[in-house]
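For reference, the chains in residue letters:
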4 protein chains.
Amino acid sequence: MIQTVDFKSTIDRYKVIFFDSFGVIKNYKGLVPGMKDTFDYLEASQKDYYIVTNDASRSPQQLSESFVKLGLDMITPDKIISSGMLAREYLELKVPDGIVAYLGTEDSAHYIESAGRHTIRVKDIDESNINEVNGLVFLDDEGFNWFRDLNKAVNLLRKRNIPAIVANTDYAYPLNTNDVAIAIGGLANMIEHIVGKKFIRFGKPDSQMFMFAYDLVRSKGPISKRNILMVGDTLHTDILGGNKFGLDTVLVFSGNTLPEDAETSITATGIVPTYICDTAVVLK
Amino acid sequence: MIQTVDFKSTIDRYKVIFFDSFGVIKNYKGLVPGMKDTFDYLEASQKDYYIVTNDASRSPQQLSESFVKLGLDMITPDKIISSGMLAREYLELKVPDGIVAYLGTEDSAHYIESAGRHTIRVKDIDESNINEVNGLVFLDDEGFNWFRDLNKAVNLLRKRNIPAIVANTDYAYPLNTNDVAIAIGGLANMIEHIVGKKFIRFGKPDSQMFMFAYDLVRSKGPISKRNILMVGDTLHTDILGGNKFGLDTVLVFSGNTLPEDAETSITATGIVPTYICDTAVVLK
Amino acid sequence: MIQTVDFKSTIDRYKVIFFDSFGVIKNYKGLVPGMKDTFDYLEASQKDYYIVTNDASRSPQQLSESFVKLGLDMITPDKIISSGMLAREYLELKVPDGIVAYLGTEDSAHYIESAGRHTIRVKDIDESNINEVNGLVFLDDEGFNWFRDLNKAVNLLRKRNIPAIVANTDYAYPLNTNDVAIAIGGLANMIEHIVGKKFIRFGKPDSQMFMFAYDLVRSKGPISKRNILMVGDTLHTDILGGNKFGLDTVLVFSGNTLPEDAETSITATGIVPTYICDTAVVLK
Amino acid sequence: MIQTVDFKSTIDRYKVIFFDSFGVIKNYKGLVPGMKDTFDYLEASQKDYYIVTNDASRSPQQLSESFVKLGLDMITPDKIISSGMLAREYLELKVPDGIVAYLGTEDSAHYIESAGRHTIRVKDIDESNINEVNGLVFLDDEGFNWFRDLNKAVNLLRKRNIPAIVANTDYAYPLNTNDVAIAIGGLANMIEHIVGKKFIRFGKPDSQMFMFAYDLVRSKGPISKRNILMVGDTLHTDILGGNKFGLDTVLVFSGNTLPEDAETSITATGIVPTYICDTAVVLK
């Protein structure tokens, strides 16, 4: 079994910590036990931290509320950087008018509406409005009828040469110990293959996520990438993305990666974290 | 615009003709006008012919009935080779016991049941029977709830190391002039990526389809591949598969390939048909 | 560690045995110790057998000679089915005239010349003859200057819309305990991506290899696929291809697959052999 | 044929212009005629500009010299952002000690040495030094023996779990009107498939290139992405990358994209430039 190091002494070497959310702070069982101590410690030691998440199904406000409910009052909306924020910035810059169609829940849509864009559910697209649709955003795997709306999305992209934005690159996510669910990233990938067009993806491991967080950190004062640590449970998103952006990285075992598989996975993929810790918990 | 040749004088050089079904004999509008003349001519000139189709949603009997309804009485079940027949042969040889789960309509399931296997809809899999499920077959994009059953299929394949058989390799199929529908091949491809396992695919361009047809032809007497012509509307399945198997091939414009795109597609893909004809119609 | 079964009692259930060559009969150290006993036993018990190999660098005659040198006199050229034979059949049927260009040693070219086609090394293509080149065959990773000739091959395929045939689908092959070499299949794959055209691949796991062998077996009398066993060391070629064709399969540990990795690989890929044996040796 | 707009009136709407190098400013024939007028105009109108290039074969100093030789004295090294600079930053941050192996010319190696790292040609790796090699960088397709060194690179990555960095993502580049050459990005892609590990790629369309340039621009004063225009000849790198980063984009016809193919390519890929101009030339 691979050797792990202590999380507290690891983060003590850095000024700013980026955390993945699902699989690090919480998982399908709820809060990872002890994580409140971690954030208390960060606050007490005046280290800055951000939650860098591929979750585009809810706004930073809603994500923050979900942390507060778990007792993490310190995770305010400004601490959260989600792939949905990149999708919203893209729409603001590149889709100046018209309507933006989406696949996902209404919660995820409210999020985009906050960018001042009119939205339409894919199911509501018809001959009367299709020519005003100037973008399609894949937000969440829930909130729509897969058979009807995935087929409609394919035909929308065949008829209108508009950008297709994938706000969550994950292919699947865990539901419980035994089961996973197909994520919107997996559905978007299928549609991309069928229509043959190039979709625009936001989310780790893409550097744009890390850059967004890094910009936020730098807005408070100069800092080197050497002083930032990325903590994640997934080699292909958190660790690969953090490494590529030039950050040091910690792999933890509270989510996607099991301790018994870590060594094999690291060797097979060539994605090597700087450190490996059991969890992101600071032991009191 | 690319130059086409006469279909009748083309087939006159061959003893046996293989036809794709959808896009050649019929399309979303029904029978391609004039195709009855083609089959009358084949019968009159005693040329042998087979329908070689990636349609696994119905049995040869049912497919034959659909041709008879369109006036093509001569297309009897023994003239039809479908990718579903290969899936059935696979199950007979390689899944000797247990239950076979499927995604598709009940019609497609009857088909597999004819191989003497018990079948179960993916939706009916539960803790009491999952350990008896020894194979999963992707048959048709209809007949099930995509959200519920695609997610169940993913988890079935994570829990049971059983073969996953894709009986139709198409990613999408045309519904009418403007619209396409996602096909079971596209859905299967998504699930294969998510579970990371190797699926078994039957259907053109795979040689096994052509071999199945060629075996049938040879059972009536010796024949060289030089005397067999494959007629199809799709470069990536009919023409690529026919070429690779060593047959001469005809591309027709009654289906997937438009006359104005043919030259570009042939150059871009490097898939070159032996002949190009407007349709597979023998003009009287 | 995964449980293995006895090879002799396994093959006793079958009438015909297909063997992969490299990794089963021989490996980089030479003959797998004891394999002579296996072929003596097959001869004594009058079981039919064939060598089904992705090696297109030499003709069946030359491959047979290499077995005879190792003491396996019974492996005559008619026992050998190679992916090169499929490439040759393709050229005979589909490239009736002109010159066939190739990448590989001159030995591999002799092989194609036996199909009655004129051949040319890629390095010898120039303005005076390029318009007569009607096909390009990837035969072996040796016998040419990679920098000069891979670049020439790319430009040949951009200028002439001709079939590109890959006679060995392997991406790499072992040189010794520690090192592998890039195989012609890997080089061909790179060029396919760069030119964007569809190449024609022969070799396991493609069914056409198995069909070629099966046709040979059937020419001696009727036999069911149930009575044929495929023996191989590689999940992705031998076992996947054998399974898909409907044969029972044995994985052995004398080549690509290590005993300690077998279980993980089988679970990860979903490619499940019917049996697992240490080697293909029949113990006396 | 697609409608183009005037380049001068297009850039007049922006404060900062990013230019691709090859295919925009120069091509295989040398300087694109008239480009000196463009840079004179930018200087006269005090617009800021940067060259954003996937060329990692030479340092910014050397690239600048090549522009000066063509008469573009104003393109000083500080105007140049290359994918090699990102590779260098990565090595500085993530490969603190040991030796960095490379494939490419010695010129490209000087580049990495400027990051204070010891370098070694892949051909010089042997048992005595392999354990000190802590990274492999793919820099250029020239300067090494493909057969010997690509094979050595495969085995290096099998023996040492070290990062593999691809400093140029292009698969091929034009040599003249008729011919292309395989680029280091194509070779790296082949090796990535063979070893099965995840390589780290720098270069357009990846956002990290644009971010590097954007950081440079912002260091001179606040600016919105709305005021930056990316000019390029390639949909998949310049235009896709610029769009994704949130910039407006211009496609020009002096390089990879031909006027007669533009409409088809834009529709097929879904990569839509904000503007299309014949060239990046400002007419006097």
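All residue numbers refer to positions counted from 1 along the written sequence of the respective chain. Think of it this way: whatever chain is written first is A, whatever ligand is written first is 1, and the rest follow in order. For this predicted model, a pLDDT threshold of at least 70 governs which residues receive local features, and a threshold of 80 or more governs which side-chain atom pairs are given and counted, while totals over whole chains, interfaces and linings are taken from all residues. Side-chain numbers here rest on the full set of heavy atoms in the structure, without hydrogens or water.

The next thing to look at is the overall build of chain A. Secondary structure elements follow DSSP: runs of H or I no shorter than four residues count as helices, runs of E no shorter than two count as strands, and numbering proceeds from the N terminus. Broken down by element type, chain A carries 10 helices and 15 strands. For the radius of gyration, the atom set is restricted to C-alpha positions; the globular benchmark scales as 2.2 Å times the number of residues to the power 0.38. Compactness check: chain A gives a C-alpha radius of gyration of 19 Å against a globular reference of 19 Å for 284 residues, within 12% of the reference. For chain A, the proportion of its 284 residues judged to be buried stands at 61%. Contacts are assigned to residue pairs with any non-hydrogen atoms lying within 4.5 Å of each other. The contacts in chain A between residues at least 6 apart in sequence include a share of 71% that link residues at least 24 apart. All accessible areas in this document rest on Shrake-Rupley with a 1.4 Å probe, and a residue is counted as covered only by the protein chains that are shown. Per element, the accessible surface of chain A, about 10,700 Å² overall, is 49% carbon and sulfur. We call a residue buried when its accessible area falls under 20% of the maximum for its residue type, exposed when it is over 50%, and partly exposed in between, using a 1.4 Å probe and counting protein chains only.

Another point: the interface of chain D and chain A. The partner chain A presents 37 residues to the 37 residues of chain D that form the contact. Summed over both partners, the accessible area lost on bringing two parts together, with a 1.4 Å probe, is the buried area. Taken as a group, D:Leu93, D:Lys94 and D:Lys244 account for 21% of the area that chain D buries against chain A, more than any other trio of residues on that side. One speaks of a salt bridge when a side-chain nitrogen belonging to Lys or Arg is within 4 Å of a carboxyl oxygen belonging to Asp or Glu. Here chain D and chain A share eight salt bridges between them. The salt bridge partner of A:Lys225 is D:Glu89, with a shortest N-O separation of 3.5 Å. The definition of a polar contact used here is a pair of N or O atoms within 3.5 Å, where within protein one atom must be able to donate a hydrogen and the other to accept one, and adjacent residues in sequence count solely through side-chain atom pairs. Here chain D and chain A share 24 residue pairs in polar contact (both at pLDDT 80 or more) between them. The set of elements that each furnish at least two residues to the side of chain D that touches chain A consists of helix 4 (83–94), strand 12 (200–201), helix 8 (207–218), helix 9 (235–245), strand 14 (248–252) and helix 10 (259–269) of chain D. Residue composition of the side of chain D that touches chain A, by class: 12 nonpolar, 12 polar and 13 charged. Residue polarity is assigned by list, with Asp, Glu, Lys and Arg as charged and Ala, Val, Leu, Ile, Met, Phe, Trp, Tyr, Cys and Pro as nonpolar; anything else, Gly included, falls into the polar class.

Here we come to the pairing of strand 4 (residues 48–53) of chain A. Residue and element names in this part refer to chain A. For strand 4, the tally of buried residues reaches six of six residues, placing the bulk of the element in the interior. The two faces of strand 4 match: Asp-48, Tyr-50 and Val-52 on one face and Tyr-49, Ile-51 and Thr-53 on the other face are all buried. Note: two strands are recorded as paired if DSSP finds a minimum of 2 bridges between them. The sheet contact formed by strand 4 and strand 5 (residues 80–82) spans three bridges and is parallel. The partner of Ile-51 across the bridge, within strand 5, is Ile-80. Following the backbone out of strand 4, through helix 3 (residues 60–69) and into the adjacent parallel strand 5, one traces a crossover that is right-handed. The definition of a right-handed crossover adopted here requires that, viewed with the strands pointing away, the path from the first strand over the helix to the second runs clockwise.

A word on the nonpolar core. Think of a nonpolar core as a cluster: buried Ala, Val, Leu, Ile, Met, Phe, Trp, Tyr and Cys residues, connected wherever their side-chain atoms sit within 4.5 Å. Among the nonpolar cores identified, the biggest contains 84 residues, and A:Phe18, A:Leu91, A:Val137, D:Phe18, D:Leu91 and D:Val137 are the most heavily contacted of them. Ignoring anything within four residues of it in the chain, the contact list for D:Val137 reads D:Leu91, D:Val100, D:Ala101, D:Tyr102, D:Leu103, D:Ile112, D:Ile165 and D:Ala167. Counting residues in hydrophobic clusters, the runner-up holds 83 residues, among them B:Ile228, B:Met230, C:Val100 and C:Leu240.

Before going further, it helps to examine the environment of C:Asp124. Residues and elements named next belong to chain C. With respect to the helices and strands, the residue Asp-124 is situated in the loop between strand 7 (118–121) and strand 8 (133–138). According to the relative accessible area criterion, Asp-124 is partly exposed, its value standing at 29%. Residues Asp-124 and Ala-101, 23 residues apart in the sequence, show an inter-C-alpha distance of 9.0 Å. Residues within four places of Asp-124 in sequence aside, it is in contact with Asn-129 and Lys-152.

Moving on, we come to the relation of the copies chain A and chain B. With an RMSD of 0.0 Å, the fit of chain A onto chain B corresponds to turning through 180 degrees and sliding 0.0 Å along the axis. Taken together, the rotation and translation describe the operation of a two-fold axis. Here 100% of the contact residues of chain A are again contact residues in chain B; the copies associate through an equivalent surface. The superposition of copies rests on a least-squares fit of C-alpha positions from residues with pLDDT of 70 or more in both.

Moving on, we come to the packing of aromatic side chains. Two rings from Phe, Tyr or Trp (for Trp, the six-membered ring) form a pair when their centres are within 6.5 Å of each other. A pair whose planes differ by under 30 degrees is stacked, one over 60 is edge-to-face, and the rest are tilted. Overall, the coordinates contain 40 aromatic pairs over all chains when judged by the stated rule. Between A:Trp146 and B:Phe147, the aromatic rings sit 5.0 Å apart at their centres with planes inclined by 85 degrees, giving edge-to-face as the arrangement. A residue pair is termed interchain when its members come from two chains, as with A:Trp146 in helix 6 (residues 146–159) and B:Phe147 in helix 6 (residues 146–159). Given the relative accessible area of 2%, A:Trp146 is considered buried.

Quick look at the pattern of salt bridges now. If you walk through the whole model with that rule in mind, you get 68 salt bridges over all chains. Its salt-bridge partner being A:Asp215, residue A:Arg218 comes within 2.5 Å of it at the nearest N-O pair. Residue A:Arg218 and its partner A:Asp215 are located together in helix 8 (residues 207–218), separated by three residues, close to a single helical turn. Look at A:Arg218 and you get partly exposed, because its relative accessible area is 25%. The partner of C:Lys94 in a salt bridge is B:Asp248, with the nearest N and O atoms 3.7 Å apart. Linking C:Lys94 in helix 4 (residues 83–94) with B:Asp248 in strand 14 (residues 248–252), this pair reaches from one chain into another. Given a relative accessible area of 16%, C:Lys94 falls into the buried group.

On to the interface of chain A and chain B. Think of interface size as the accessible area that goes away when the parts come together; that is how it is often given. Counting residues at the interface gives 21 residues for chain A, matched by 21 residues for chain B. Buried area between chain A and chain B, summed over both chains or domains, comes out near 2,000 Å², and the portion from carbon and sulfur atoms is 68%. Put simply, chain A and chain B have two salt bridges between them. Between B:Asp179 and A:Lys159 there is a salt bridge; the shortest N-O distance is 2.6 Å. Where chain A touches chain B, the interface holds eight residue pairs in polar contact (both at pLDDT 80 or more).

Residues and elements named next belong to chain D. Note on placement: Phe-199 falls in the loop between helix 7 (184–195) and strand 12. Its relative accessible area of 5% is what places Phe-199 among the buried residues. In the structure, Phe-199 is positioned 35 residues away from Ala-164 in sequence and 5.2 Å away in space, judged by C-alpha atoms. In contact with Phe-199, not counting residues within four places along its chain, are Phe-138, Leu-157, Ala-164, Val-166, Ala-188, Ile-191 and Glu-192.

Looking now at the side chain of C:Ser83. Here C:Ser83 is to be found in helix 4. Not counting residues up to four positions away in its chain, the partners in contact with C:Ser83 are C:Thr53, C:Asn54, C:Asp55, C:Ala56, C:Ala167, C:Asn168, C:Phe202, C:Gly203 and C:Met209.

Right, let's get into the side chain of A:Lys225. By the secondary structure assignment, A:Lys225 is in the loop between helix 8 and strand 13 (228–232). Among the residues examined, A:Lys225 registers a relative accessible area of 9% and is labelled buried. Reaching out from A:Lys225, the side chain makes a polar contact with the side chain of D:Glu89 at a distance of 3.5 Å. Residues contacting A:Lys225, with those up to four places away along its chain left out, are A:Tyr214, A:Phe245, A:Gly246, A:Leu247, D:Glu89, D:Leu93 and D:Gln208.

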